[in-house]
Amino acid sequence: MKDWMIDLFQAYGGAAYVLSLACNVAISVLGVVPSAFLTAANLTVFGFWPGFWVSFAGEALGAIVSFVLYRKGVRRWNGTKWLSHPSVKPLLHAGGREAFFLILALRLLPFVPSGVVTFVAAIGRTSLSVFTAASSLGKLPALWMEAYAIHQFLEAAWSGKLLLAVASIVLLWFVWRKIGQKTAE
């Protein structure tokens, strides 16, 4: 996917910045598609810092558009059972300063899905301005870490990439096996 995006951006020249922003918005609205391939394409085509900033602008804009669309279209989900889970309630009922710091903290944690944070904030009491400020501020360091890791991976020799791939497969196998053992119990 990354290579396809690189070819697309190179084919469109100056319009590639706008195309990247549009792709980021689409990824954010979908809420479940990882954006790492798009960040990798941005870094490859535009260079590290310009690629970082276009990725940041796209992710921030995508979060705002998603928030507005979720707020308009899915507020009726407010009564669903999973929204009564104790880990979701604080963000759902937060407003003002409390919502700002919750969203900021959740954006800083790389393992918390961005789409879930946006969705819960949108159907909750969080205002658009609080969400925009906290989400964008929280995305800066998180995206910098992602961009740096991707950049290092792209610059690595093939042997380093192979070693990382083998380590990932072994780790995935151990996790899969552990899950299988727990479900068998």
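Scroll up a little and you will see the structure.
These figures come from a predicted structure and were not determined experimentally. (Residues numbered from 1 in each chain as written. Predicted model: local features only at pLDDT ≥ 70, side-chain atom pairs only at ≥ 80, totals over all residues. Heavy atoms only, no water.)

Caption draft 1: Here's a closer look at the overall build of the protein. Of regular secondary structure, the protein possesses nine helices and zero strands. Sequence-ordered secondary structure for the protein, helices as α and strands as β, is α-α-α-α-α-α-α-α-α. The burial tally for the protein puts 35% of its 185 residues in the buried class. The long-range fraction of contacts in the protein, counting pairs at least 24 apart against all pairs at least 6 apart in sequence, stands at 77%. (Helix = DSSP H or I, 4+ residues; strand = E, 2+ residues; numbered from the N terminus. Buried < 20%, exposed > 50% of the residue type's maximum accessible area, 1.4 Å probe, protein only. Contact = heavy atoms within 4.5 Å.)

Caption draft 2: Representation of the nonpolar core in the model. Counting 14 residues, the largest nonpolar core has Phe67, Leu91, Ile103, Phe119, Ala121 and Phe131 as the members making the most contacts within it. Listing elements by their share of this core, those giving two or more residues are α4 (48-73), α6 (96-108), α7 (114-123) and α8 (128-155). The element best represented in this core is α7, accounting for six residues. Setting aside residues no more than four positions away along its own chain, Phe131 makes contact with Ala63, Ile64, Phe67, Ile103, Arg107, Thr118, Ala121, Thr126 and Ser136. Within the second largest apolar cluster, 11 residues are counted, among which are Ala16, Ile27, Ala41 and Val54. (Core = buried A, V, L, I, M, F, W, Y, C linked by side-chain atoms within 4.5 Å.)

Caption draft 3: Local environment of a nonpolar patch on the surface. Together, Trp158, Leu162, Val166, Val170, Trp173 and Phe174 line one region of the surface with nonpolar side chains, adding up to about 680 Å² of accessible area. Position of Leu162 relative to the elements: it lies in helix α9 (residues 158-184). (Patch = residues over 30% accessible without salt bridge, like charges linked within 9 Å, V, L, I, M, F, W, Y side chains within 5 Å. Areas by Shrake-Rupley, 256 points an atom, 1.4 Å probe, with all protein chains shown as cover. Salt bridge = Lys/Arg side-chain N within 4 Å of Asp/Glu carboxyl O.)

Caption draft 4: Structural detail: the layout of surface pockets. Roughly 660 Å³ of internal volume is contained in the largest pocket. The set of elements that each furnish at least two residues to the lining of the largest pocket consists of α2 (16-30), α4, α6, α7 and α8. Per element, the largest residue contribution to the lining of the largest pocket is five residues, and it comes from α8. (1 Å grid on protein atoms, 1.4 Å probe; cavity = no way out; pocket = protein on both sides within 12 Å on 5 of 7 lines; lining within 4 Å. Points joined across faces, edges and corners; volume = space filled by probe spheres on them.)

Caption draft 5: Focus on the packing of aromatic side chains. Applying the stated criterion to the full structure yields 11 aromatic pairs. Taking the centre distance of 4.9 Å and the plane angle of 80° together, the rings of Phe52 and Trp53 count as edge-to-face. Here Phe67 and Phe131 contribute two aromatic rings whose centre-to-centre distance is 4.5 Å and whose plane-to-plane angle is 20°, an arrangement assigned as stacked. Of this pair, Phe67 sits in helix α4 while Phe131 is found in helix α8, placing the two residues 64 residues apart along the sequence. A residue is classified by how much of its surface remains accessible, and Phe67, at 2% relative accessible area, is buried. Overall, the relative accessible area of 0% leaves Phe131 in the buried class. Every member of this aromatic cluster is reached through a ring pair, and the members are Phe48, Trp49, Phe52, Trp53 and Phe56. (Phe/Tyr/Trp six-rings, centres within 6.5 Å; stacked < 30°, edge-to-face > 60°.)

Caption draft 6: Geometry of helix α3 (residues 36-46). With eight of 11 residues buried, α3 is to be regarded as a mostly interior element. Of all the residues in α3, the buried ones are Phe37, Leu38, Thr39, Ala40, Ala41, Asn42, Leu43 and Phe46. Looking one or two places after α3, you find Gly47, whose phi comes out positive at around 95°.

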